[in-house]
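# Secondary and tertiary structure notes
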Amino acid sequence: MTYQDTVNWMFSQLPMYQRQGKSAYKADLKNTLLLAEHLKNPQHQLKTIHVAGTNGKGSTSHMLASVLQEAGYRVGLFTSPHLKDFRERIRINGVVVSKTFVREFIKQNKAFLESQHLSFFEMTSGMAFAYFASEKVDIAVIEVGLGGRLDSTNIITPEVSVITNIGFDHTQFLGHTLEAIAFEKGGIIKPGVPVVIGETQNETKQVFQELAKKNHSDIYFADTLIHEVLPSDLKGSYQQKNIKTVLQALEVLKQKSYEISIEQIKKGLLQVVKNTGLQGRWQVLQEQPKIICDTAHNKEGLNYVVKQLAETSFNCLHIVFGVVNDKDLSSILDILPKKATYYFCKPDVPRGMDVNLLEAAFLAEGFQGTSYQGVNEALSAAKKQASEKDLIYVGGSTFVVAEII
């Protein structure tokens with residue numbers, strides 16, 4: 001199989017949560033452990049940092065990787081989802097995994113993968129661990145796919161566990177209260193391994209403290225310990241919280257004899273995009289009219305985006321917007337700006353929400369806008385309508401952003 005054949009097989013053979021939704025979610029680690037054993041447990045050869053959280057875990061993972069690269073370490077980075085190419089998920093020092101490795105990994109393990117009915121993410125996690133072990137990385141930053149306790153990445157014993165924050169997303173799997181969701185994400189806390197919590201929240205603080213106590217893990221609440229925020233090339237104002245989380249996690253690593261200077265931290269935070277290839281975080285695509293995209297897709301994430309939009313100067317606001325079909329629209333309709341023209345669209349994935357349903361829900365709440373067949377068609381319409389001093393915002397889903405980057 002060619003690389004493209006291989007990736008197509010991975011997408012079609014095996015459930016992929018990002019594309020299909022709930023049917024792809026598996027609620028145990030049995031298959032993950034079977035695959036790890038089949039691969040001779042490559043995760044045991046790795047030093048890792050494990051990053052969970054409702055929002056900010058991707059940015060936080062990329063910032064940590066960037067700083068560690070600047071400090072001279074060979075750094076693996078495993079994140080999800082990808083925007084354009086599957087290989088974005090698995091990188092070393094910013095360079096994506098080779099097509100050859102992806103092809104050979106599937107070719108060598110295809111019989112096992114098929115016989116065990118492994119999910120897309122179970123297989124991809126195994127591939128990442130195998131790649132990082134074969135390439136002998138110094139440390140790998142591993143972003144949780146969904147939740148924590150039962151996530152396919154949760155077979156590592158990291159140097160430090162990081163949980164950015166807790167919000168309402170994927171409630172059909174993780175629970176309907178912040179406490180329940182915190183318990184699931186807190187499942188990455190391991191015996192004797194320090195844990196950094198990005199944001200202190202009344203509903204979740206005790207959950208994390210109890211899990212840390214049970215595991216004899218030192219716990220650090222970054223927002224109460226870090227008072228100075230360093231600048232970053234990731235420009236969303238919401239990154240301030242992620243930067244504090246990163247700085248506290250780096251402090252823990254330094255206590256474990258990792259050599260990281262303040263100069264390396266400053267440079268790493270300023271060169272995240274260059275070092276890691278991160279895209280879609282308050283990313284300015286053009287000026288006149290200014291077009292900004294962001295992958296925020298839940299209430300908490302979109303709340304930060306709306307605040308940032310309020311701090312940005314423009315004449316008129318145009319919003320190109322699409323979501324996935326398991327999105328609870330009622331949770332986001334009350335925070336999105338009504339003083340804007342909306343261009344509704346359906347992202348091109350099986351679980352994209354039907355654009356007519358999306359439009360009807362918005363119009364019923366007093367929003368103004370029109371629906372379009374696809375994301376690029378919606379963006380083209382917005383560009384035609386917008387004057388040079390207007391702002392076009394593109395978002396609502398990672399998959400909307402993926403189509404225009």
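Anything mentioned here points back to the structure above.
On to the overall build of the protein chain, then. If you tally the helices and strands in the protein chain, you get 18 helices and 14 strands. Viewed in the frame of its principal axes, the protein chain has a C-alpha envelope of about 55 × 50 × 40 Å. Across the protein chain, every contact between residues at least 6 apart in sequence was considered, and the portion connecting residues at least 24 apart equals 76%. Accessible area of the protein chain: about 16,800 Å², with a carbon and sulfur share of 48%. One finds the centroid of the 43 positive side-chain charges in the protein chain at a distance of 3 Å from the centroid of its 42 negative side-chain charges.

Quick look at the environment of Asn298 now. Mapped onto the fold, Asn298 is located in the loop between β10 (290-293) and α14 (299-310). Put simply, Asn298 and Gly396 are 98 residues apart on the chain and 7.9 Å apart in space, counted from C-alpha to C-alpha.

Structurally, Lys99 can be placed in helix α5 (residues 99-116). Considered as a pair, Lys99 and Leu270 are 171 residues apart in the sequence and their alpha carbons are 29 Å apart. Filtering out sequence-adjacent residues up to four positions away, Lys99 remains in contact with Tyr3 and Arg87.

This brings us to the packing of helix α3 (residues 30-38) against helix α6 (residues 120-134). Two elements in contact, α3 and α6, have axes separated by 10 Å at closest approach and are oriented at 35°. For the pair α3 and α6, the sense of crossing is right-handed. Here Asn31, Thr32 and Leu35 of α3 lie close against α6, whose contacting residues are Glu122, Met123 and Gly126. A class-by-class count of the residues in the contact of α3 with α6 yields two nonpolar, three polar and one charged.

It is worth spelling out α14 at this point. Side chains three or four residues apart in an α-helix point the same way, a direct result of the helix having 3.6 residues per turn. For α14, built from twelve residues, the straight-helix expectation of 16 Å at 1.5 Å per residue is met to within 8% by its first-to-last C-alpha distance of 16 Å. All buried positions along α14 are accounted for by Gly301, Leu302, Tyr304, Val305, Val306, Gln308 and Leu309. Summarising the contacts, the buried residues of α14 are in contact with α11 (239-255), β11 (317-321), α15 (330-333) and β14 (391-395).

Turning our attention to the packing of α3 against α5. Running from N to C, α3 and α5 point in directions that differ by 160°, and their axes come no closer than 11 Å. Judged on the interaxial angle alone, α5 and α3 are roughly antiparallel. Regarding α3 and α5, the two cross each other, and that crossing is right-handed. Contact residues: Asn31, Leu34, Leu35 and His38 in α3; Asn109, Phe112, Leu113 and Gln116 in α5.

Most of the time, phi is negative for any residue but glycine, and the peptide bond is trans. Put simply, Ser80 and Pro81 share a cis peptide bond, and its omega is -10°. Note that Pro81 resides in the loop between β2 (75-78) and β3 (90-92). For the peptide bond that leads from Gln288 to Pro289, omega is -10°, which places it in the cis range. In this structure, Asn41 takes a positive phi of about 50° despite not being glycine. With respect to the secondary-structure elements, Asn41 resides in the loop between α3 and β1 (48-52). In this model, Gln288 sits at a positive phi of 50°, which is unusual for a non-glycine residue. Position of Gln288 among the secondary structure elements: in the loop between β9 (283-286) and β10.

Conventions adopted
- Residues numbered from 1 in each chain as written.
- Predicted model: local features only at pLDDT ≥ 70, side-chain atom pairs only at ≥ 80, totals over all residues.
- Heavy atoms only, no water.
- Helix = DSSP H or I, 4+ residues; strand = E, 2+ residues; numbered from the N terminus.
- Contact = heavy atoms within 4.5 Å.
- Areas by Shrake-Rupley, 256 points an atom, 1.4 Å probe, with all protein chains shown as cover.
- Lys, Arg positive; Asp, Glu negative; His and termini not counted.
- Charge placed at Lys NZ, Arg CZ, Asp CG, Glu CD.
- Axes fitted to C-alpha atoms, helices over the stretch in contact; angles between N-to-C directions.
- Left-handed = near helix turned anticlockwise from the far one by under 90°.
- Nonpolar A, V, L, I, M, F, W, Y, C, P; charged D, E, K, R; others polar.
- Expected span 1.5 Å × (residues − 1).
- Buried < 20%, exposed > 50% of the residue type's maximum accessible area, 1.4 Å probe, protein only.
- Parallel < 35°, antiparallel > 145°, perpendicular 65-115°, else oblique.

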